Amino acid sequence: MATAEPLVLGIESSCDETGVGIVRGTDLLTNTVSSSMDEHVRFGGVIPEIASRAHLEAFVPTLQAALDDAGVTLDEIDAIAVTSGPGLAGALMVGVAAAKALAVATEKPLYAINHLVAHVSVGLLDDNDELPDNLGALLVSGGHTEILSVPDITGDVRLLGATIDDAAGEAYDKVARLLGLGYPGGPAIDKAAQNGDPTAFRFPRGLTAGKYMGSAEKPGSHRYDMSFSGLKTAVARVVETYEASGQPVPVADVAASFQESVVDVISRKTVLACTENSIDTLLVGGGVAANSRLRALVTERCNAQGIEVIVPPLSLCTDNGAMVAALGARLVAEGRSATGIVFTADPGLPVSTVSMGAA
């Protein structure tokens, strides 16, 4: 099946957002999202069982709202795409089961696609029919921090570097909890940092020492990789020192200094990976891409090296069905084989697997 402008319905349920998006080719018709985030706030993080139950309750209303908003019917849909991984096992299973049921009921082809690659694809919606040459991507979210090379978004995505422990978003959540800023940590720290001094504390920059970096001729073992667990520990020591002395913790300064360490490492590693792998267009995606300092510093440093930066609208940075539909539409347009219904969700699906092949 190859259609120049396929009408594709995308389903996303990898974490705490139930998303249904519909695209026609590269034109976004609707991006409908139901989030269960409020149900997780008191726990300071996403509880998989609660997220799965919320998907079950929200899917049908979200699907109907998306169809109504787009002004289309299920009969008109050319294909269905669903996130099959990576993500929370139970949450993924809800979306996959729903997609399979729809595919059987409507006799539409079903594409099981990669959540991470979908984050790249959504940045190419609207007037981006052709994939930019020498494309790379920086994905920064609660569960993933990865630098990618994307020669072909429908079949060739390569991992260049990634965090070896905590993802950036996870580090934000943990540090926000230490500072009493609540959940989710990303927006809370970004806001607090606006009134802080980013040079107040010199927090560590993980995996930036020479033994890890090496050189272009002889790369180190973690040249493009990142680590944030040591940074989190360093922040905890600072907080403990202030509390032990009975002094108030300078929350704004700690938040700003922590954030500067994170975005400094991410932006430096990203620019290095781009320049050494002939990447001249970088797409930034994932929930943490909404962070104001990350967007600013990545853009500033990339532009200084002649690298164009594409950042989707904030509503498309977090998990959503539109990104799943966008990747599905590209797979259909390229004539890639549908997956069918004989597959299972894969919580650890590698980013190099763009879509699951037909059984």
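Residues numbered from 1 in each chain as written. Predicted model: local features only at pLDDT ≥ 70, side-chain atom pairs only at ≥ 80, totals over all residues. Heavy atoms only, no water.

**Re the overall build of the protein chain**
Scanning the protein chain from N- to C-terminus turns up 11 helices and 10 strands. Whereas a compact globule of 359 residues would reach a radius of gyration of roughly 21 Å, the protein chain reaches 21 Å, a difference of no more than 12%. For the protein chain, the C-alpha atoms occupy an extent of roughly 65 × 50 × 30 Å along the three principal directions. Counting the 359 residues in the protein chain, one finds 53% classified as buried. When contacts within the protein chain are restricted to residue pairs at least 6 apart in sequence, long-range pairs at least 24 apart make up 74% of them. Split by element, the accessible area of the protein chain, about 14,500 Å² in all, is 51% carbon and sulfur. Distance from the positive charge centre (23 side chains) to the negative charge centre (43 side chains) of the protein chain: 9 Å. (Helix = DSSP H or I, 4+ residues; strand = E, 2+ residues; numbered from the N terminus. Rg over C-alpha atoms; globule rule 2.2 N^0.38 Å. Buried < 20%, exposed > 50% of the residue type's maximum accessible area, 1.4 Å probe, protein only. Contact = heavy atoms within 4.5 Å. Areas by Shrake-Rupley, 256 points an atom, 1.4 Å probe, with all protein chains shown as cover. Lys, Arg positive; Asp, Glu negative; His and termini not counted. Charge placed at Lys NZ, Arg CZ, Asp CG, Glu CD.)

**Concerning empty space enclosed by the protein**
Counted according to the given criterion, the structure contains 1 cavity of 30 Å³ or more. Considering only enclosed or pocket space, the largest cavity measures out at about 30 Å³ in volume. Residue lining of the largest cavity: Ile11, Glu12, Ser13, Thr18, His55, Phe59, Val94, Gly95 and Ala98, and that is the complete set. Looking at the lining of the largest cavity, the elements with two or more residues in it are β1 (7-12), α2 (48-70) and α3 (89-106). At 3 residues, the largest contribution of residues to the lining of the largest cavity is made by α3. Here the residues of the lining of the largest cavity are counted per class, giving 4 nonpolar, 4 polar and 1 charged. (1 Å grid on protein atoms, 1.4 Å probe; cavity = no way out; pocket = protein on both sides within 12 Å on 5 of 7 lines; lining within 4 Å. Points joined across faces, edges and corners; volume = space filled by probe spheres on them. Nonpolar A, V, L, I, M, F, W, Y, C, P; charged D, E, K, R; others polar.)

**Overview of the UniProt feature "binding site: Fe cation" (unreviewed entry) in the protein chain**
The feature "binding site: Fe cation" (unreviewed entry), as annotated in UniProt, sits at His115, His119 and Asp319 in this numbering. Look at the named residues: they lie 205 residues apart in sequence, but the longest C-alpha span between them is just 8.6 Å, so in the fold they bunch up. Taking the annotated residues in turn, His115, His119 and Asp319 line the largest pocket. If you trace the backbone, His119 turns up in helix α4 (residues 115-122). Using a relative accessible area of 2% as the deciding quantity, one classes His119 as buried. With residues near it in sequence (within four places) discarded, His119 still touches Leu139, Leu283, Gly286, Cys317, Thr318, Asp319 and Met323. Within the element layout of this structure, Asp319 appears in the loop between β10 (308-310) and α11 (321-333). Here Asp319 is in contact with Glu12, Ser14, Cys15, Glu17, Val33, His115 and His119, once residues within four sequence places are set aside. (UniProt positions renumbered as here; feature names shortened; annotations may be inferred.)

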